[in-house]
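Each chain, written out:
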Amino acid sequence: MTQNRICSLLGIRYPIIQAPMNWVSGAALTAAVSEAGGMGTIGPNAGADKINPDVEATGELVRKQIRKVRELTNKPFAVNVVVGFGEDTKYSKKIVDVLVEEKIPAAIVSVGRPDTYTQTLKNAGIKVLHAISTARHAQKARDAGVDAVICEGFEAGGHKGFTELTTFVLTPMVADAVDIPVVTGGGIGDGRGILAALALGADGIYMGSRFMATLESESHDNVKQAIAAANDVCTVSVSKEFMLARDLANTFTEQFQEMRKSGASTQELIAFLEEHGQYQSQHLGQAEDAEICCGQVAGLIHDIPPAARLMEQLISDIQKRFSQLEQQVKNFF
């Protein structure tokens, strides 16, 4: 796929990007995906064993993960920068400083304005991919100078805007709105999803939940098993203060939704999230009583393979599904 715009931009073999996931995508998963021909991404709190509010410690943890990835592979990889708001931007600023010092290949920037760090990163030779949720946001990111945009449909796991645009609708809207490469995610877990995304106008694929259920993922085994056992109606959209989150349905989501309905204060909701968050699920293994950010694609996940084998399966599935699609199209006319 050397003519593919994302492959050419990032220097990778396959246009498959492992999405960054909090407490999940550390050096081992990042390196495994990159070594297999895709692009792995270091996520927030990768490699951490506790919640640490110290800014310097947060930056140095990211530096340690970057260097560990480089010990495991010489292939390109990315690091997630969560811009944040207000006082929280002190963390993203420190992480950007580390990325520039370490001369990483690419940054996936999310949850914030595209003009905050784009030029700083690009001046350091770092490719910038910015996550957006509408075509208008994609145009703003393009105008800010990003190298590519990442659109996530409403099916995707984790945090997103309130637009509720699905992958099937959002992807062609963004592809029509900008002339830079478009990566899309949300509901993609096999060759069928990848082919559909390409047909909708995407240059690359953004895949998170499917990589969460791999051997190298830092997810607790309880979480991986919960995902593998999930059925077709296994996630819910949870409304938070500034955004939506798609989570694996469990006792946590029931309790949080009930708190909102009963009029719990913002402070009460924040306190509940701090006690039942991703740290408690992904790191401590509280798969029933804590939040698990996960996409609807969980209903298609039934195993927990090594990341390299998953990449092989995806490529093989694309080829098989494409042959079937060719025949279906021929039969259509």
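Everything below is about the structure printed above this text.
Residue positions are given per chain, counted from 1 along the sequence in the order it is written. For this predicted model, a pLDDT threshold of at least 70 governs which residues receive local features, and a threshold of 80 or more governs which side-chain atom pairs are given and counted, while totals over whole chains, interfaces and linings are taken from all residues. Note that water and hydrogens are dropped before the side-chain values are worked out from all heavy atoms of the structure.

## Observations concerning the overall build of the protein
Put simply, the rule reads: We count a stretch as a helix when DSSP gives it H or I for four or more residues in a row; a strand needs E for two or more, and each element gets its number in order from the N terminus. The globule rule used for comparison is 2.2 Å times the number of residues to the exponent 0.38, while the radius of gyration itself is calculated over C-alpha atoms. Contact definition: two residues touch when any of their heavy atoms are within 4.5 Å. Note on areas: these come from Shrake-Rupley sampling with a 1.4 Å probe, and a residue is covered only by the protein chains present in the view.
Secondary structure assignment for the protein yields 14 helices and 11 strands. Computed over its C-alpha atoms, the radius of gyration of the protein comes to 19 Å, within 12% of the 20 Å expected for a compact globule of 333 residues. Counting only C-alpha atoms and orienting by the principal axes, one finds that the protein spans roughly 60 × 45 × 40 Å. Sequence separation of 24 or more characterises 63% of the internal contacts of the protein that already satisfy a separation of 6 or more. Counting every atom, the protein has about 15000 Å² of accessible surface; 51% of that belongs to carbon and sulfur.

## So, the sheet that holds strand β3 (residues 78-82)
Two orientations exist for strands paired in a sheet by backbone hydrogen bonds: parallel and antiparallel. The criterion, for reference: A pair of strands is labelled paired if DSSP reports no fewer than 2 bridges between them. For helices, the axis comes from a line fit to the C-alpha atoms of the stretch in contact; other axes are also lines fit to C-alpha atoms, and the angle between any two N-to-C directions lies between 0 and 180 degrees.
One open sheet holds the eight strands; their spatial order is β1-β9-β8-β6-β5-β4-β3-β2, and the pairing between them is parallel. The two strands at the open ends of the sheet, each matched to only one other strand, are β1 (16-18) and β2 (41-42). Here four bridges tie strand β4 (residues 106-110) to strand β5 (residues 127-132), and the two strands are oriented parallel to one another. For Val 109, the partnering residue across the bridge sits in β5 and is His 130. Against the sheet, helix α6 (residues 135-143) makes contact with β5 and β6 (148-152), and its axis sits at roughly 160° relative to β5, the strand it touches most.

## Quick notes on unusual backbone geometry
Here is the rule: For each residue, the accessible area found with a 1.4 Å probe, counting protein chains only, is set against the maximum for its type, and the residue is called buried under 20%, exposed over 50%, and partly exposed in between.
One non-glycine residue, Trp 23, adopts positive backbone phi at about 65°. For Trp 23, the location among the structural elements is in the loop between β1 and α2 (27-35). We classify Trp 23 as buried; its relative accessible area is 5%. Positive phi values are uncommon outside glycine, yet Glu 164 reaches one of about 65°. Its place among the elements puts Glu 164 in the loop between β7 (158-160) and α7 (167-177). Among the residues examined, Glu 164 registers a relative accessible area of 48% and is labelled partly exposed.

## Topic: the pairing of strand β11 (residues 244-248)
Across the five residues that make up β11, a large majority, five, are buried. Of the two faces of β11, both are covered, the one formed by Leu 244, Arg 246 and Leu 248 as well as the one formed by Ala 245 and Asp 247. With three bridges joining them, β7 and β11 adopt antiparallel strand pairing. If you follow Lys 160 over to β11, its bridge partner there is Leu 244. Relative to β11, strand β10 (residues 235-239) runs antiparallel, the two sharing five bridges. Bridging from a neighbouring strand, Val 236 pairs with Asp 247 of β11. Connecting β10 to the next strand, β11, in antiparallel fashion are four residues.

## What about the packing of helix α3 (residues 55-72) against helix α4 (residues 89-102)?
Rules: Should the near helix be turned counterclockwise from the far one by less than a right angle, the crossing is left-handed, whereas a clockwise turn marks it as right-handed.
Two elements in contact, α3 and α4, have axes whose closest approach is 9 Å; the angle formed by their N-to-C orientations is 35°. When the axes of α3 and α4 are compared, the crossing they make is right-handed. For the pair formed by α3 and α4, the contact residues are Val 55, Glu 56, Thr 58, Gly 59, Glu 60, Val 62, Arg 63, Ile 66, Arg 67 and Arg 70 on the first element and Lys 90, Tyr 91, Lys 94, Ile 95, Val 98, Leu 99, Glu 101 and Glu 102 on the second.

## Quick look at helix α14 (residues 307-332)
Rules: Take the number of residues in a helix, subtract one, and multiply by 1.5 Å to get its expected span.
If you check α14, its first and last C-alpha atoms are 36 Å apart, about what 26 residues at 1.5 Å a residue would give, namely 38 Å. Taken together, the buried positions of α14 are occupied by Ala 307, Leu 310, Met 311, Leu 314, Ile 315, Asp 317 and Ile 318. For α14, the elements touching its buried residues are β1, α2, α8 (191-199), β9 (204-207) and α9 (209-212).

## Thoughts on the environment of Tyr 206
Its location among the elements puts Tyr 206 in strand β9. Here the alpha-carbon distance between Tyr 206 and Ala 131, two residues 75 residues apart in the chain, equals 10 Å. Beyond its immediate stretch of four places on either side in the chain, Tyr 206 contacts Ile 17, Ala 19, Pro 20, Ile 108, Ile 150, Glu 152, Val 183, Thr 184, Gly 185 and Gly 186.

## A closer look at the environment of Ile 150
Secondary-structure assignment places Ile 150 in strand β6. Sequence separation of Ile 150 and Gly 285 is 135 residues, and the distance between their C-alpha atoms is 30 Å. Setting aside residues no more than four positions away along its own chain, Ile 150 makes contact with Ile 108, Leu 129, His 130, Ala 131, Ile 132, Val 183 and Tyr 206.

## Details of α2
Given 3.6 residues to a turn, an α-helix orients residues that are three or four positions apart in the same direction. Counting buried positions along α2 gives seven out of nine residues, so the element sits mostly inside the fold. For α2, the complete set of buried residues consists of Ala 27, Leu 29, Thr 30, Ala 31, Ala 32, Val 33 and Ser 34. The inward-facing, buried residues of α2 contact β1, β2, α3, α9 and α14. Within two residues after α2, Gly 37 carries a phi angle of roughly 110°, on the positive side.

## Structural notes on the state of the cysteines
Stated precisely, the cut-off is as follows: The term disulfide is used for any two cysteine sulfur atoms that are within 2.5 Å.
Evaluated as defined, the whole model comprises zero disulfides. Here Cys 151 is not cross-linked by a disulfide; its sulfur's nearest cysteine counterpart is in Cys 7, at 17 Å. Looking at Cys 294, it has no disulfide partner, and the nearest cysteine sulfur is the one in Cys 234, 6.2 Å off. Classification of Cys 294 by relative accessible area gives buried; the value is 0%.

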